[in-house]
Amino acid sequence: MNKLTQANIIALKNPEMSGKDIQDFDYQDFFENGAIALHLVNADGIILHANKAELDLLGYPAEQYVGRHIAEFYPDRDAIEDILTRLASGEKIERYPARLRTSDGSIKHVELTSSGNFRNGKLINTRCFTVDVSDLQRVRTELTRQDNTHRQILDSLPVAIYTTDQHGTITYFNRAAAELAGREPEVGKDKWCVTFKLFTPDGKELPHDECPMAIALKENRPVRNQEAIAQRPDGSFFPFLPYPTPIRDEDGNLIGAVNMLLDLTDRQCAEEARFHLSAIVDSSFDAIVSKDLNTIIKSWNHGAERLFGYTAEEAIGRSVTMLIPADHQDEEPRILERIRRGERVETYETIRQRKDGSLVPVSLTVSPVRNATGHIIGASKIARDITSARENEHRIRMLMREVNHRVKNQYSVILSMIRETNKRAKSPAEFEREVRERITALARSHDLLVMGDWKGVTVFELLLSQAKSFGNEERISMSGPSIILSPNAVQYLGIAFHELATNSANTGCFQGIKARFRSHGTPRVPVPRDSSTSVGPRQTVLRCKRSAKAALEPSC
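Conventions used here
Residues numbered from 1 in each chain as written. Predicted model: local features only at pLDDT ≥ 70, side-chain atom pairs only at ≥ 80, totals over all residues. Heavy atoms only, no water. Helix = DSSP H or I, 4+ residues; strand = E, 2+ residues; numbered from the N terminus. Buried < 20%, exposed > 50% of the residue type's maximum accessible area, 1.4 Å probe, protein only. Contact = heavy atoms within 4.5 Å. Areas by Shrake-Rupley, 256 points an atom, 1.4 Å probe, with all protein chains shown as cover. Expected span 1.5 Å × (residues − 1). Arc of directions from axis to C-beta. Pairing = 2+ DSSP bridges. Axes fitted to C-alpha atoms, helices over the stretch in contact; angles between N-to-C directions. Core = buried A, V, L, I, M, F, W, Y, C linked by side-chain atoms within 4.5 Å. Parallel < 35°, antiparallel > 145°, perpendicular 65-115°, else oblique. Left-handed = near helix turned anticlockwise from the far one by under 90°. Nonpolar A, V, L, I, M, F, W, Y, C, P; charged D, E, K, R; others polar. 1 Å grid on protein atoms, 1.4 Å probe; cavity = no way out; pocket = protein on both sides within 12 Å on 5 of 7 lines; lining within 4 Å. Points joined across faces, edges and corners; volume = space filled by probe spheres on them. pLDDT = per-residue confidence, 0-100. Phe/Tyr/Trp six-rings, centres within 6.5 Å; stacked < 30°, edge-to-face > 60°.

Examining the overall build of the chain
Then, in step 1: For the chain, the helix and strand inventory stands at 18 helices and 19 strands.
Then, in step 2: When the 556 residues of the chain are sorted by exposure, 37% land in the buried category.
Then, in step 3: Long-range contacts, defined here as pairs at least 24 residues apart, represent 43% of the contacts in the chain between residues at least 6 apart.
Then, in step 4: Surface exposure of the chain reaches about 32,600 Å², of which carbon and sulfur atoms provide 54%.

In structure tokens form, the structure reads like this:
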């Protein structure tokens, strides 16, 4: 056989074998008892011969194996047809993966190396070496299973993870990495990082080949605690913390790296919120204090320093009972009892004690403080100084009493006006008109008092206010010291001035009144007289005096 010819050639190339040795070499024994499974198949696919290793591999006796078509032992029909076709065409098969059915029905994974023996261009037979790789296949299957398991784990993780080869080319990324980066990286093409653009924390652009992953691969070491900022293709930014770590083979050679990207957006937002809240607490004018369930002070803001006089260093670590006067010590146990039940102590007023021993009225609000698991670990207390509020409340009560007194005086004035008007009125219409005018005059005096915070009004202001409704008040000349009238005098003299102006207007001599204001030697300044009036100044003055007397009567 041609196989034997090849064996002779091989033997001749061995210098240790002489010609006699070659002639004495038992090729039949070598074929039958060799450690490698071997069989011959004719051009029609019928098994011509199989050595002991082949029969042991599949568990068949020779009579059940030799003489049968080789395809009967291949569960994959397409595989054996492909092998026979390629061998018939003169192609050599090397380490072809296949599966063979054994006598007990189990499947062996093998690798085939086969070639055809041709004579005059015609296929005579094929010889095939069969190597059992079932154990290797089981290892491969287990590795594949583990790889699939690991891949499923990585794919399901909520944190971004990707891998690269030793040159930085991305070999894998999970869904979280793509979602964080806002893009689908190209496996086998993108390098160093899955992100679109990178920046340092201070905003400087960071090239991808200088990123932490590139440093880890170039220096063959893990890189830690180097924050960065990434930009997505849509323009949005996110801070992250990378954890690039080299991957080495069993000999310690670098074969790639794995990187985990920890999104810091939530942490950054939490820090900003904490800083914002801390700034609010520190800048609050109210005293904000936190304590544990044993009354020990844990925090102390500037408002607490201003209100109670203790610095934060003096207060933190001490019991909050140092702020409670001796006669109010029973309040704290009741407050803590409610806090432990998860209740919020709504605003209530009490007394607290400053560092100097003085007492201060405060309004307190106390709320439970919980940890991350929801357990109550302390309380937050807001104390507001209500000293000014109590003083204002006292002032309001005094003002209300004053208003009540003044309103009663107003009622007395109005009743006097109504009584005097009723004596002189000739008709209901005249009565109604005069009452309305006098009440209006009283209201003008009242407006002046309100604008002056009830501190008083000058004579000049009162005269102008009462004369303004009659017109031509610009023709009135006034001089003298600025005399301020008391509130009661303003109300009564306002009515008197109104009566004087009304009488002058009714007699037609409003524009011709001669008035003199004398005070501490001040020169008399006359008011120009209208020569056309038929009523003399003396008559007008006398009439005004009677009106003033009537108006002032209630105060006598």
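This is not the end of the story, as more comes after the structure.
Considering helix α6 (residues 77–88)
Then, in step 1: Look at α6: 17 Å from first C-alpha to last across 12 residues, which is about the 16 Å you get at 1.5 Å a residue.
Then, in step 2: Those residues of α6 that sit buried are A79, I80, I83 and L87. For α6, the angular spread of the buried residues around the axis is 90 degrees, confining them to a single face. What points out from α6, more than 90 degrees from its buried face, is the exposed set D78 and T85.
Then, in step 3: With its phi angle positive at about 90 degrees, G90 sits one or two positions after the end of α6.

A closer look at the sheet that holds strand β1 (residues 37–42)
Then, in step 1: The strand order across the open sheet built from five strands is β2-β1-β5-β4-β3, with neighbouring strands paired in antiparallel fashion. With partners counted over all chains shown, the strands left at the sheet margins are β2 (47–50) and β3 (93–101), one partner each. The sheet shows a mean angle of 30 degrees between the axes of neighbouring strands, taken without regard to direction.
Then, in step 2: Where strand β4 (residues 107–119) and strand β5 (residues 122–132) come together, 10 bridges link them in antiparallel fashion. Paired with V110 across the two strands is D132, which belongs to β5.

Remarks on the nonpolar core
Then, in step 1: Membership of the largest hydrophobic core comes to 25 residues, with the highest contact counts inside it found for Y65, I70, Y74, I83, Y96 and L112.
Then, in step 2: At the level of elements, β1, β2, α4 (52–58), α6, β3 and β4 are the ones that each hand at least two residues to this core.
Then, in step 3: Apart from residues lying up to four places away in sequence, L112 is in contact with Y74, I83, I93, E94, R95, Y96, A98, C128, F129 and T130.
Then, in step 4: Of all hydrophobic cores here, the second largest spans 23 residues; its members include F173, C211, A214 and F240.

Some points on the side chain of D286
Then, in step 1: By the element assignment, D286 lies in the loop between α10 (265–283) and β13 (287–292).
Then, in step 2: Classification of D286 as buried rests on a relative accessible area of 13%.
Then, in step 3: Setting aside its immediate chain neighbours within four residues, D286 contacts N301, G303, A304, I382, A383 and R384.

Notes on the packing of helix α15 (residues 428–451) against helix α17 (residues 487–506)
Then, in step 1: At their nearest, the axes of α15 and α17 sit 9 Å apart, and the two run at 140 degrees to each other. The orientation of α15 with respect to α17, classified from their angle, is oblique. Note on packing geometry: the crossing formed by α15 with α17 is right-handed. Where α15 abuts α17, its residues E437, R438, A441, L442, R444, S445 and L449 lie against P487, V490, Q491, G494, I495, H498 and E499.
Then, in step 2: Residue composition of the contact of α15 with α17, by class: six nonpolar, four polar and four charged.

Notes on empty space enclosed by the protein
Then, in step 1: This model, assessed by the stated rule, comprises two cavities of 30 Å³ or more.
Then, in step 2: Here the largest cavity defines a volume of roughly 90 Å³.
Then, in step 3: In terms of lining, the largest cavity is formed by H39, V41, I70, Y74, I80, I83, L84, L87, L112, S114, T126 and C128.
Then, in step 4: Elements with a contribution of two residues or more to the lining of the largest cavity: β1, α6, β4 and β5.
Then, in step 5: Ranked by residues supplied to the lining of the largest cavity, first place goes to α6 with four residues.
Then, in step 6: Taken together, the residues of the lining of the largest cavity sort by class into nine nonpolar, three polar and no charged.

A word on the confidence of the model for the chain
Then, in step 1: Looking at the chain as a whole, its pLDDT mean stands at 81, while 85% of the residues score no less than 70.
Then, in step 2: In this model residues 1–18 is a low-confidence stretch, pLDDT under 50, and it forms 17 contacts with partners more than four residues away in sequence or in other chains.
Then, in step 3: Note that pLDDT drops below 50 for residues 510–556; the model gives that stretch 68 contacts with residues more than four away or on any other chain.

Here we look at the packing of α15 against helix α16 (residues 459–467)
Then, in step 1: Two elements in contact, α15 and α16, have axes whose closest approach is 10 Å; the angle formed by their N-to-C orientations is 140 degrees. Remark: the crossing between α15 and α16 carries right-handed chirality. Residues A441, R444, S445 and L448 of α15 touch α16, and the partners they reach there are E461, L462, S465 and Q466.

Considering helix α9 (residues 212–219)
Then, in step 1: Within α9 the residues assigned to the buried category are P212, M213, A214, A216 and L217.
Then, in step 2: Where the residues of α9 are buried, they touch β6 (160–165), β10 (237–242), β11 (245–248) and β12 (254–263).
Then, in step 3: Immediately beyond the C-terminal end of α9, within one or two residues, lies N220, with a positive phi of roughly 55 degrees.

Brief notes about the packing of aromatic side chains
Then, in step 1: Applying the stated criterion across every chain, the model contains seven aromatic pairs.
Then, in step 2: Seen from their ring centres, F238 and F240 are 5.8 Å apart, and the 45 degrees between their planes marks the pair as tilted. Taken individually, F238 and F240 each receive the classification buried, so the pair is uniform in this respect.
Then, in step 3: Plain terms: the ring middles of W300 and Y310 are 6.4 Å apart, the flat faces sit at 85 degrees to each other, and that makes the pair edge-to-face.

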